[in-house]
Amino acid sequence: EEQLVESGGGLVQRGGSLRLSCAASGFTFNSHWMSWVRQAPGKGLEWVARIKRDGSEKYYVDSVTGRFTISRDNAGNSLHLQMNSLRGEDTAVYYCVRETRFPPIVNDAFDIWGRGTMVTVSS
Amino acid sequence: DIQMTQSPSSLSASVGDRVTITCRASQSVSSYLNWYQQKPGKAPKLLIYASSSLQTGVPSRFGGSGSGTEFTLTISSLQPDDFATYYCQQSYSTPLTFGQGTRLEIK
C-alpha cells in the first residue's frame, strides 16, 4: 500500500523551530516530486514547498521563504520540513503529499496524502 | 502568482441532484487543473487531474472540463458520500495554488 506518515508536529513558541518528517512506503520514493501542503484550522489548503526527485530543485511559497527548508533522503524514503522563526500564521495541519506526473500533458497532481501533523505556534 | 477563485463558496443540494462547481484562474493555466475532495478531519483526495481525467477509483458521476481560465467540476447525481468540500488547484506554475474551496451541504 502506498503510504505517507508524518511526524514531528506539536506546540512551539513563536520564533521557535520544528522539524517535520514524512516516511514514505509502498512506492518508489525517488521517482516522485514531493510537497508539503498545510491547512490552518477551519481554512483552505495552502501549498508550502516542493522538492524535485533528486533534491536538486526546491520551491517555496513566499510566506515561508527564508524560514522553511524542504529536504529529502531518498535512501531512507523520507521527506523533511525544517521550520524556523515560526509565526502564529504557521499554525496548521501539515500534509506530506506525493506528486505524480499524469500523461498526456506534463501535469503534476497531488495523488497521495498523509494524514497530516498538527503544528501549533503559541504566543 | 496565479489566483484561483471558486464559485459558489457553499452550496446546498439534495441526493440525486446535478451539481456544478466553477473554478476560475487569474491567468491561463492551460489544462493544468486538478480537483480534490476533502471530508472533515480527513486528508484531501484527488478526483480529477489535467482538467478532465478521472483518477483511478473515482466514480464516473464526477466529471471535469475546461481549459485556459475557466473550469468546472460536475457531479451528475449526488450521492450521500459526496457531501464534502471541493478544491481546485493549478499545477501550471509555482507557487502552486488552490481555490478557496466549495462546501457542498445536504439540503
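Below, the discussion takes up the interface of chain B and chain A. Opposite the 20 residues of chain B that make contact, chain A presents 22 residues. Carbon and sulfur atoms make up 65% of the area that chain B and chain A hide from each other, which totals about 1800 Å². For the pair chain B and chain A, the interface holds zero salt bridges. Across the chain B-chain A interface, the total number found is nine residue pairs in polar contact (both at pLDDT 80 or more). Listing elements by their share of the side of chain B that touches chain A, those giving two or more residues are strand E4 (33–38), strand E5 (45–49) and strand E9 (85–90) of chain B. Looking at which element gives the most residues to the side of chain B that touches chain A, the answer is E4 of chain B, with four residues. Along the lines of polarity and charge, the residues of the side of chain B that touches chain A split into 12 nonpolar, seven polar and one charged.

All right, on to the state of the cysteines then. As enumerated under the stated definition, the model contains two disulfides over all chains in all. A sulfur-sulfur distance of 2.1 Å marks the disulfide that ties Cys 22 of chain A to Cys 96 of chain A. Between Cys 22 of chain A and Cys 96 of chain A, the S-S torsion sits near -70 degrees, and that sign places the bridge as left-handed. Highlighted residues: Cys 22 of chain A in strand E3 (residues 18–25) and Cys 96 of chain A in strand E9 (residues 92–102), separated in sequence by 74 residues. With a sulfur-sulfur separation of 2.1 Å, Cys 23 of chain B is cross-linked through a disulfide to Cys 88 of chain B.

Below, the discussion takes up unusual backbone geometry. Residues and elements named next belong to chain B. Between Ser 7 and Pro 8 the backbone carries a cis peptide bond, its omega angle lying at -5 degrees. Relative to the assigned elements, Pro 8 resides in the loop between strand E1 (4–7) and strand E2 (10–13). Phi is positive for Ala 50, close to 50 degrees, though the residue is something other than glycine. The residue Ala 50 is located in the loop between E5 and strand E6 (53–54) in this model. What makes Ala 50 buried here is its relative accessible area of 9%.

Conventions adopted
Residues numbered from 1 in each chain as written. Chains lettered and ligands numbered in written order. Predicted model: local features only at pLDDT ≥ 70, side-chain atom pairs only at ≥ 80, totals over all residues. Heavy atoms only, no water. Contact = heavy atoms within 4.5 Å. Buried area = accessible area lost by both parts, 1.4 Å probe. Salt bridge = Lys/Arg side-chain N within 4 Å of Asp/Glu carboxyl O. Polar contact = N/O pair within 3.5 Å; in protein donor to acceptor, adjacent residues only side chain to side chain. Helix = DSSP H or I, 4+ residues; strand = E, 2+ residues; numbered from the N terminus. Nonpolar A, V, L, I, M, F, W, Y, C, P; charged D, E, K, R; others polar. Disulfide = S-S within 2.5 Å. Buried < 20%, exposed > 50% of the residue type's maximum accessible area, 1.4 Å probe, protein only.

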